[in-house]
Each structure stands twice: as structure tokens, then as C-alpha cells.
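# Understanding the architecture of this molecule
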Amino acid sequence: MTTRLALGQQSASGARVLHLPADDATLDAATLEGYSKTRRTQARRRKLIRGTIGIAGLLLLWQAMSWYYNLALILPPPTVVLRDVIETLLLIRPQPWLYGPSIYQQLLASFMRAIAGFVLAAALAIPLGLLVGRNRTVREYLEPVIRLLYPIPGIAWIPLAILWFGLTDKAVIFVVFIAEFFAMFFNTEAGARAINPLLMDAARCYGATGFTLVRRVILPATIPYIITGLRIALGGAWRMIVAAEMLAAKTGVGFVLMQARYQFRAADLMMAMILISVVGYGTEKLIVRTLERKTIGKWEISQ
Amino acid sequence: MALMNPSSVTGELHASNVDPVIRAVSVNHAYESNTGWVTALRGFNLEIQHGEFLCVLGPSGCGKSSFLRMLAGLMFPLEGTLLVNGHKITGPGLDRAIVFQEPALFPWLTAAENVGFGLEMAGWGKSAVRARVADVLSIVGLSEAASRYPYQLSGGMRQRVAIARAWALKDAAVLLMDEPFAAIDAINRVSLQNHLVRTWIAEPRTVVYVTHDIDEAVFLADRIAIMTPSPGRVATEIRVDFDRPRDRAVPAVAMLKQQITGIMHGLERSA
Amino acid sequence: MTIPRPRLSRRAFAGAGIAGLVGITGLGRRAAAGSNTVRLGYLYPNLTTLIHGIAKSIGAYPKHNVAVVEQRFTSGQTIEGVQDLWQGNLDLYFGGGPEIVSLNSRAIESGAPAPLAVISGANAGHTSFVLSTKLQPKSFDDLVGKPLRIAVSSPSSDHLALFRGWLRLDKKLTEQQLGWQFLPLEGADMPTALLTNQIDGFLHSEPTTTIALSTNVGHLFMSAHAGDFGPASPPMTFLMARRAFLTEHPDAVRDFLAAIFDANAYYTAASKAQMIPVISQWSGTKPELLDMAYPRINPQMSMTHAQAEKWWNYVGLAMVASGQVSQQVQPFKDVFELQYQPLPPA
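Heads up: these notes are all about the structure in this document. Just so we're clear, the structure is a prediction, and the values are computed from it rather than from any experiment.

This paragraph deals with the overall build of chain C. In terms of regular secondary structure, chain C is built from 16 helices and 10 strands. Across chain C, every contact between residues at least 6 apart in sequence was considered, and the portion connecting residues at least 24 apart equals 82%.

See below:
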């Protein structure tokens, strides 16, 4: 075997040592763990850099547009808006806050409504989706009804919601519920129908029946689809919150947005939009990614 | 023509004075396909004794898998009787533990949890389940894989977990295996067959093993039921009395294989 | 993240289409050669813009050499109207009130001159405060501190603005002391909401008021017409113009207003029986309701300096106090340009 040279040294044949020749023992578990940690860190850093560049590009485009159009009332430059966001979040606005309770209370109000609608939708859509997916009788009764209601856009439900629930939180929650229900239901149903029949055979042969079958087999098997449904639903929910709040509420980010619009305060309007985006992203990360990590992250089911 | 081999017989495994565990009497089955009715089984008769390893050997499409699924309770014959310990089969149950061609493990459970699934469903207590699972996993040789998820296991290991899941059901009257190694590559197949035999030696059970592989049948079985091509029935049964584990290279084994091959070719020609 | 896009293309296209129609239908033909064209946006169907309908029906515009290119906005779309005006898709906008001061204030705050001006106003005294029949307070003070839910057509509703001004100046109370909630609701939904107990009252105008009264869901607690919000109520529905347009086409503006004032005169002279069918057609309100509402309807457009001052004191200054409008805004420099009206000099 060759004698080990130090890095940079020249070997007998004249080649410069660029890599230390590996021992047999270097591919042990610790080293491998080190390699995968490095890869993960590098991937994280790379994604962060590229993502930041993308967003910076957007900001530059925005800045350029606001210079070019010079319409401060419609398109304030990103510097103004970002300062607005920071000042509002740190509660150090020089100009008064004209939108009622503080921004955090408004965000919380919207967030609570989103969560309430989300929980209600999940509580109804997931069991119903599983049932309709696996039970032909139920499917033939319920599917036509649900498919008829599905095309009605969430916004169209708002007047009805106001009629039924008044100008209260409940109306907004109802609209959010409707918007999220269908996404969750259809995804759950698709997942329930897509379960590998062999898995169902195995489940039945190994004694799973009735509710146990649902809880221990059908539900876990459908989880990847359910998570997709949750993700889609959450995205739609935030949009509906804003639309619903603009019409039916006196608190929340949608309300702030509407107020800013009435006062032609474009910077505040865009600030509200940015906050909506950030909170929406944060919620998705919190709920969906956590659920993902605990389920299909562990099981590595490839769908 | 039944070939009888006078070598030693392990007495406790072939207690023929007890009622057969499984009885199939005049089973007829057909199904509707795009091109009309297809007869899968016609006049299928078979008896399986307690404690024996029975192979059902037949060409593709002869109805052997259908027969096994009927035993599992996943299918019902159009005509005929199927009895397990004297009772008619009305559906799937924990008295018949099945291993499919694909492992069919639950991806959200670890290997140990998969193996213990049937026992949980049977109502066993947690510690009893744990003990039995550990037992079975060590018999099957997969103890270190216990806390891994199926995706972390190779195809062969997954199938062994599936076999462990079936074997774990101590009180099952019979183990049903539907060509469990057909989807495994040839090299691993041999090692898996060896594993299976070792398992059976450690804890003997009644096994109904469906296959189209003559080598496999001769290596594994106490008795081989050879089926005709579709529509299938049991044409002949052959006792295999070699000691286990068997040496595939021994000339007697090779001769038996040749004879069985001859029989099957004959059946095919007269089909 | 979407950026509110100036809706130039859609409105411009509609405007072009209307212009084409105008050419075909011959409105332009009837006017003499060299007539002025004014692009007017207005709320419709809506009682507040009635005077324009009357002017059209008596042919006042061609008489004064004005060709009017119309664009209608439904109630609740006032913000769009003001925005269209500001972006140059319209020359005049008839509808709303406080929004224009907000807009001008934003411009001034960012160092630009105020882009719009109020050149006249209609519907003086048409604010009504209707309470649910279940609420029968002896005086306004009985309601102070009670958690009432009062509906308004929008957060920038002129009725709300007038109420706030009156609250501040006449009652010397703050909204916080009042403790009420002002909920946005479409005028048409207000009587229903009153009936189903979702609101305790509303601040709005006709015909909502009469509908609530005639169906007995509410009673008229305060009326600007009756002087309950102070004497000499200012007009609450503004006619706004782009300052650029005022500079470029002052004669067109004067002619337009002259036509409107003809309509004013016509309305004064006409009888109730004559006007009700016209009003009914313009606003879509049933004649029986109009019959009951008639005393509270005052569609005439005219704004004196004194009225503008009162508006500023009641409504404008309240907006300044709440921070909605900058203190830099001066009413008679940045907001009102009343000299285009055919009024005797103040």
C-alpha cells in the first residue's frame, strides 16, 4: 500500500496529493452521519440563498415599477411599504393606527377565524370523505349533493352567511368552512378510494373490521391525500378570510385592508397584504408541515 | 400415479388419524370476463392434514391462487364446500393467516407493529403481543429490524416480515401462502426459502403453499398437490419425505423434480 | 401578493363603447357643433343622483351645449368612481363625499397637489337615523354608552361622517364614549337586518328609511331635513372634478352646472305627482314609497360657501381629528372649487 502523504505533497510518481487516500475504516456510521449533515446544511444554505435572491428580484422589480410609474397612491415603493410593515409590527408607527384594535389583535382575530373554520371543515370533511370513499351506499346518496354544492364559489356564500349568522364572526367562519370543506373532502375521498386493495385484504384477513378498520387502516392509508387536502384548503382559507372580512366583519386583516382602501392608504393596504401572506405561510408551515413530519415523513410513503 | 418414498416420516407432523384441517369438496368456480365466462376450478377436491406443509403446484392461471383466496375467505366459490376444522368459511378470519405475493405491510407501522397487528386484533394484551412478536422475529431472523419501517427494508426482508406476521398468529389453524417469493429475484429466493424452512422447523405449523415453481415445491413441501391447467383440479398428490433442511443437489431430489416435471407436462398436453 | 392595478383598460373600453353608442343614438347630433363633452360617472340606481336624471329628461344638457358620456356605478362602488376620476377615466364624478378628501389628503401628504375638487353637491339634509321599533329612547342621551350596532353603507359613508361631526361639535362626545359599533351593510339589506335583530338602527337615506318606516321595523329617530343634525345641513353627495379638467375645460364645467341648475328649477316648480314617476324610474323605488318619502327627498344640487364651511366643520375636521385627513389640507384651497356654479357671488 502507498505510504500516506500529507495534503499538497508530491508523491513518488510526481502527482500532487489532492486527496488523502482513504482508510478502510473511514466509511463508518459516524463519518456517514457527518456527510449527510454536511449535505443537509449545504442544501439548506443553497435554498436560503436562492430563495432570497428570488424575493430580492421581486423587490427590485417592484422598486423599479414604482419609480417608473411614480404613483405613490397606487404603488408605493417597497421601501415605504416594508418600513410600514416593520413600524406596524414593532408598534412604532409615526402616523396613527386608524384601523381599530392593534395589528396583532386584528391578525389574531383573523387567525382564530381561520383555525375555527379549518377545524370544523376537517372534522366534517375527513370522516365524510372516508365514508363516501369506502362505502358505495353512502357515496351514491351523498356524492351528487356535494358535487352540486361544490361549484358555488366561497364568495357567493357570503350573503347567505350574513343572512344566517349576521355580521358576526360566525359568518366569516362559515365562509371559511365552506371554502375548505370541499378541498379536504375530495382529497380524502380520492385517497380512501385509492388504497391498495391488497392492503385492505391484508387488513381484513388480520382481523380489522368496522371502526377499527377505519381508524387503524383506512385513515393512516389516506393520510397523504388528507395532508394534500389540508394544504390546499389552508391556502384557500386565507383568501376567503379576507374576502369575507371585507364584507362581514369589523376586525381582522380583511377589515384593515378594506379600511385602508377606503382611505386610499396604499402603503397600509400592501402592508396588510404582506402580513396576510406571511401569516398564511406561517400557518401552513405550522400545521401542514408538522403533520407531514409526524406521518408521511416517518413512513416515507411515496405518492 | 402417486410416488411414494419410503424414507423416514416424522410422526408428529403427519397425524392422519385426525380430521383434516381443511377440506375442499367438489369446488367449482367460474368468473365473468370480457370474453365470457371462464371456469377457474372444476371438481376441485383436496384435504389438508394438521401439521403438514402442503404445496399446491400448478401452472399460471390454473386457479390455485383463487383456491387460496377462497380459503382466506376473500372469495367464495360458486359451487362446492370449503371447510376449516369442520366449519364453513364465511369470510376472512384470524384462524387463517395469509401471506400474499406482495408483502402488503402497513407502511405506517414498524416491522414489529406489523407483526403484532393480528394479535392486537385478536385481543391480546400489550405485553403478550410484545413477547410473541419478539419470539417470532427471532425465529424468522429479523430481530434487529423490529423498529424499522417497511420503506427501510429490502423487498426480501419485507416479505419475511409478512411471513412473521402470519406466523405470529399462534392460534391460527393454517398458514396460507400465495407464491410469496414469486416477485423476489432468483438469488434471494433461495435464501428466503431456506429461512422459511428454518422457521418451520423451529415452530411447525400447518401450511398451504401455492406455487408454480417445481424446485420450490420439492424443497419445501411434505406433500405436493399437482393441479391441472385451467379449469383446475387436483390431478395427483405426491408425498415428499426427505428430511429437512433438504439438499437440492441430492440425486433423489433431482429425480423427484424430473418426475414431477414429467407429470405436469403430461397434464398440459392433455389439457 | 397582488398589487392593486389601475383599471384603465376595462373602464376605458366601456367608455369608448358608450361614446360610440352616443354617436349612434344621436345625442351628439342634437347638440350644436363644437359642443363640450363631459365624461360623468354617477351612482345608479340611486336617489342621490336624481338631479342628473331630471336634467337628462328635460334635455338640459344639449340646451347648454354639453354632451354627457355616462358611466354608472352601483352603490358601494363609490371608491371605484373616485379612483376612476383620479386616474383620468372620468372628468366628473357624482356620488359619495368624504372619500375625495381622503384622496386629496394622501396626495398632499406625499407632496403632490390635490388632484380632485368638489364643485357642487346635492341632497342637503337627506341623512336619517332610524332606530329599531324595539328601541324607544326619550332622548339621544339615553343611547349613549349602550352597545348599539348601527349600520352604515360603508365606513366612508357621508351619513356616518355627518353624524360623527354632529357628535363631536354639537354633543361634544367622542365615539368611544358613545360605545356604538358601526357595521357596513348595503342599504337594501338594512331594513331586513333591523327586522332580524342583527342591527339596532341605521344611518342612511331614502328609500331605505321609508321602507323601514312603512314596514314598521323602525322609526325615524333623527332627520337632517328636520334640523336634528343642526341647521343649514350641507349637501352630502358631492359632484367632483379633476382639477386638470377644470383648468382645461372650464366652460364645459360651467355649462354642465348650468344644465343642472335648470333641473333644480324644474324640480322646484314641478308637482309631486309629476315627479314621482320620474323618480321611480330613475331609482327603481316604488311610487307608493316615494309618496311617503317625498318630504325627505331633496335632490337639488347647489353648494354655497357657507354650506361648504359647515361640511368642513362637521365632517372634514372630524376626519382631521381622527387622523384620516392631514392637517395640511385646507378646505377652500385643496377641496372646494365652488365658483363654477351659476350662483351669485358669496
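On to unusual backbone geometry. Here Ser230 of chain B and Pro231 of chain B are connected by a cis peptide whose omega angle stands at -5°. Tracing the backbone through its elements, the reader meets Pro231 of chain B in the loop between strand S9 (223-227) and strand S10 (234-239). A cis amide bond links Glu206 of chain C with the next residue in sequence, Pro207 of chain C, at an omega value of -5°. By the secondary structure assignment, Pro207 of chain C is in the loop between strand S8 (201-204) and helix H10 (208-214). Of note, the phi angle at Glu179 of chain B is positive, near 40°, even though the residue is not glycine. Residues other than glycine seldom take positive phi values, yet Asn216 of chain C does so here, at roughly 65°. Within the element layout of this structure, Asn216 of chain C appears in the loop between H10 and strand S9 (218-223). Owing to 9 C-beta atoms within 10 Å, Asn216 of chain C belongs among the exposed residues under this scheme.

Moving on, we get to helix H5 (residues 155-168) of chain B. Residue and element names in this part refer to chain B. With 14 residues, H5 extends 20 Å from end C-alpha to end C-alpha; this agrees with the ideal 20 Å at 1.5 Å per step. Counting buried residues in H5 gives 12 out of 14 residues, a clear majority hidden from the surface. All of the buried residues in H5 are Met157, Arg158, Gln159, Arg160, Val161, Ala162, Ile163, Ala164, Arg165, Ala166, Trp167 and Ala168. Tucked into the core, H5 has its buried residues touching strand S6 (96-99), helix H2 (111-115), helix H3 (117-122), helix H4 (126-140), strand S7 (174-178) and helix H6 (186-202).

On to the arrangement of the chains, then. The top pair by number of contacts, from a total of 2 pairs of chains in contact, is chains A and C. One finds no contact linking chain B with chain C; the least C-alpha distance across the pair is 38 Å.

If you look at the interface, chain C gives 21 residues, while chain A gives 20 residues. Every element with two or more residues in the side of chain C that touches chain A is listed here: helix H6 (98-109) and strand S7 (181-184) of chain C. Broken down by element, the residue count for the side of chain C that touches chain A peaks at 5 residues, all from H6 of chain C. Within the side of chain C that touches chain A, the residues separate by chemical class into 10 nonpolar, 9 polar and 2 charged.

Of the residues lining the interface, 17 residues belong to chain B; the matching set on chain A comes to 15 residues. With 4 residues, the top contributor of residues to the side of chain B that touches chain A is H3 of chain B. Classifying every residue of the side of chain B that touches chain A gives 15 nonpolar, 1 polar and 1 charged.

Counting residues in hydrophobic clusters, the biggest one holds 255 residues, and the most contacted among them are Val175 and Val176 of chain A, Val208 of chain B together with Met240 of chain C. No other element matches helix H8 (residues 210-248) of chain A, which puts 19 residues into this core. Not counting the four nearest positions on each side in its chain, Met240 of chain C is found in contact with Leu85, Leu92, Tyr93, Ile100, Leu116, Ala117 and Val118 of chain C.

On to helix H1 (residues 64-72) of chain B, then. All names here are of chain B. Of all the 9 residues making up H1, 9 are buried; the element is thus mostly covered by neighbouring parts of the structure. Listed as buried for H1 are Lys64, Ser65, Ser66, Phe67, Leu68, Arg69, Met70, Leu71 and Ala72. With its phi angle positive at about 90°, Gly73 sits one or two positions after the end of H1.

A few words on the sheet that holds strand S2 (residues 66-73) of chain C. All names here are of chain C. The strand order across the open sheet built from 5 strands is S2-S1-S3-S10-S4, with neighbouring strands paired in mixed fashion. Two strands in the sheet have a free side with no partner beyond their single neighbour: S2 and strand S4 (116-124). When the angles between neighbouring strand axes are averaged without regard to direction, this sheet yields 25°.

Rules used throughout
- Throughout this document, residue positions are counted from 1 along each chain, in the order its sequence is written.
- Labels follow written order: the first chain is A, the first ligand is 1, and so on.
- Only residues with pLDDT of 70 or above have their local features reported here, since the model is predicted, and side-chain atom pairs are shown and tallied only from 80 upward, although totals for entire chains, interfaces and linings are computed over all residues.
- Only DSSP runs of H or I reaching four residues or more are called helices, and only runs of E reaching two or more are called strands; each is numbered from the N terminus.
- We call two residues in contact if the C-beta atoms placed from their backbones are at most 7 Å apart.
- Counts of 20 or more other C-beta atoms within 10 Å of a residue's own C-beta define buried residues, counts of 12 or fewer define exposed ones, and intermediate counts define partly exposed ones; C-beta atoms are placed from the backbone.
- Every helix has an expected span of 1.5 Å times one less than the residues it contains.
- Gly is put with the polar residues, along with every residue not named as nonpolar or charged; the nonpolar set is Ala, Val, Leu, Ile, Met, Phe, Trp, Tyr, Cys and Pro, and the charged set is Asp, Glu, Lys and Arg.
- Any set of buried Ala, Val, Leu, Ile, Met, Phe, Trp, Tyr and Cys residues joined through C-beta atoms within 7 Å is what this text calls a nonpolar core.
- Strands are treated as partners if at least two bridges between them are detected by DSSP.
- Axis definition: a line fitted to C-alpha atoms, limited for helices to the stretch in contact. Angles are taken between N-to-C directions and run from 0 to 180 degrees.

Everything listed is a geometric property; what it means functionally is a separate question.
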